[in-house]
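The residues making up each chain are set out below.
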Amino acid sequence: MKIELVDRAFAAFLFLLGLYIALSAPSYGYIDGGNPGPGFFPFWIGALLAGLSVANFVRSLAGQEKLAETLALRELAKPLGIVALLAVFVLVSEPLGMLLSTAALVPALAALIRPRWDRRFAVKVLATAVLFPLLACLTFGVYLDVPLPRGLLGF
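Residues numbered from 1 in each chain as written. Predicted model: local features only at pLDDT ≥ 70, side-chain atom pairs only at ≥ 80, totals over all residues. Heavy atoms only, no water.

A. Molecular detail of the overall build of the chain. For the chain, the helix and strand inventory stands at five helices and two strands. For the chain, the succession of helices and strands along the chain, N to C, is α-β-β-α-α-α-α. Taking the principal axes of the C-alpha coordinates as reference, the chain spans close to 50 × 45 × 20 Å. The proportion of buried residues among the 155 residues of the chain is 22%. In the chain, of all internal contacts separated by at least 6 residues, the share reaching a separation of at least 24 is 63%. Accessible surface, the chain as shown: approximately 10500 Å² in total, 73% of it carbon and sulfur. (Helix = DSSP H or I, 4+ residues; strand = E, 2+ residues; numbered from the N terminus. Buried < 20%, exposed > 50% of the residue type's maximum accessible area, 1.4 Å probe, protein only. Contact = heavy atoms within 4.5 Å. Areas by Shrake-Rupley, 256 points an atom, 1.4 Å probe, with all protein chains shown as cover.)

B. The arrangement of the confidence of the model for the chain in detail. Chain-level statistics for the chain give a pLDDT mean of 87 and a share of 95% at 70 or above. Least confident of the elements in the chain is strand 2 (residues 35-36), whose mean pLDDT is 80; most confident is helix 4 (residues 98-113), at 93. (pLDDT = per-residue confidence, 0-100.)

C. View of the packing of aromatic side chains. Taken as a whole and assessed by the stated rule, the structure comprises seven aromatic pairs. Plain terms: the ring middles of Phe40 and Phe41 are 5.1 Å apart, the flat faces sit at 90° to each other, and that makes the pair edge-to-face. Residue class for Phe41 comes out partly exposed when judged on its relative accessible area of 29%. Geometry around Phe121 places Arg114 over its ring, the cationic atom sitting 4.1 Å from the centre. (Phe/Tyr/Trp six-rings, centres within 6.5 Å; stacked < 30°, edge-to-face > 60°. Lys NZ or Arg CZ within 6 Å of the ring centre and 35° of its normal.)

D. A look at the pattern of salt bridges. Within this structure, the stated rule accounts for one salt bridge. In this structure, Arg114 engages Asp118 in a salt bridge whose closest nitrogen and oxygen atoms are separated by 3.5 Å. Looking at Arg114, the relative accessible area reads 34%, which means it is partly exposed. Here Asp118 falls in the partly exposed class, since its relative accessible area comes to 40%. (Salt bridge = Lys/Arg side-chain N within 4 Å of Asp/Glu carboxyl O.)

E. Local environment of the layout of surface pockets. Within this model, the largest pocket holds a volume of roughly 1700 Å³. In this structure, the largest pocket is lined by 42 residues; those nearest its centre are Pro42, Phe89, Val90, Ser93 and Met98. Listed by contribution, the elements that provide at least two residues to the lining of the largest pocket are helix 1 (3-24), helix 2 (40-62), helix 3 (77-96), helix 4 and helix 5 (119-143). Broken down by element, the lining of the largest pocket gets its largest block of residues, 10 residues, from helix 3. Among the secondary structure elements, those contributing two or more residues to the lining of the second largest pocket are helix 1 and helix 3. No other element matches the six residues that helix 1 contributes to the lining of the second largest pocket. (1 Å grid on protein atoms, 1.4 Å probe; cavity = no way out; pocket = protein on both sides within 12 Å on 5 of 7 lines; lining within 4 Å. Points joined across faces, edges and corners; volume = space filled by probe spheres on them.)

F. Local environment of the environment of Arg119. Residue placement: Arg119 occurs in helix 5. Classification of Arg119 by relative accessible area gives exposed; the value is 73%. The spacing of Arg119 and Leu48 is 71 residues in sequence and 37 Å in space, taken between C-alpha atoms.

G. Structural detail: the nonpolar core. Formed by Val106, Ala110, Phe121, Val125 and Ala129, the largest nonpolar core amounts to five residues. Among the elements that take part in this core, helix 5 stands out by supplying three residues, more than any other. The residues touching Phe121, leaving out its near neighbours within four places in the chain, are Ala110 and Arg114. (Core = buried A, V, L, I, M, F, W, Y, C linked by side-chain atoms within 4.5 Å.)

H. The arrangement of the environment of Cys137 in detail. Its location among the elements puts Cys137 in helix 5. Of the residues examined, Cys137 reaches a relative accessible area of 21% and is grouped as partly exposed. Here the alpha-carbon distance between Cys137 and Arg116, two residues 21 residues apart in the chain, equals 30 Å. In contact with Cys137, not counting residues within four places along its chain, are Leu99, Val142 and Leu148.

Structure (structure tokens):
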């Protein structure tokens, strides 16, 4: 499989994903009472993703990227797994809420990237899985007063 085609196809996919996110985000509310609404950050993240994907696509067309000639399907397993986990995260974040979805995403990504864990790595991953969602909730939900999706359990 030619790597340039994979690179361009992935850049096109990320452009479409970023465009979808940027166009969908304002429906959640861009500004809420003078503060960033729940659609504020997704809008800018989607716009940035789309813009950087266009830049990557143009660089690929211009030959500015020096990539290997071919790519084995086995080498795509982790990146495709990460994309799949992020897609699942997007799908479950509304019914489960951001806290639980993020707490589940962190160890899932860590297991995909590094399948064999030692005790030290496991402690770091689990601490991140607990502390990162709490810190994000405090930062966005409390400090910035950005309402976060709450799941069926109220988290």
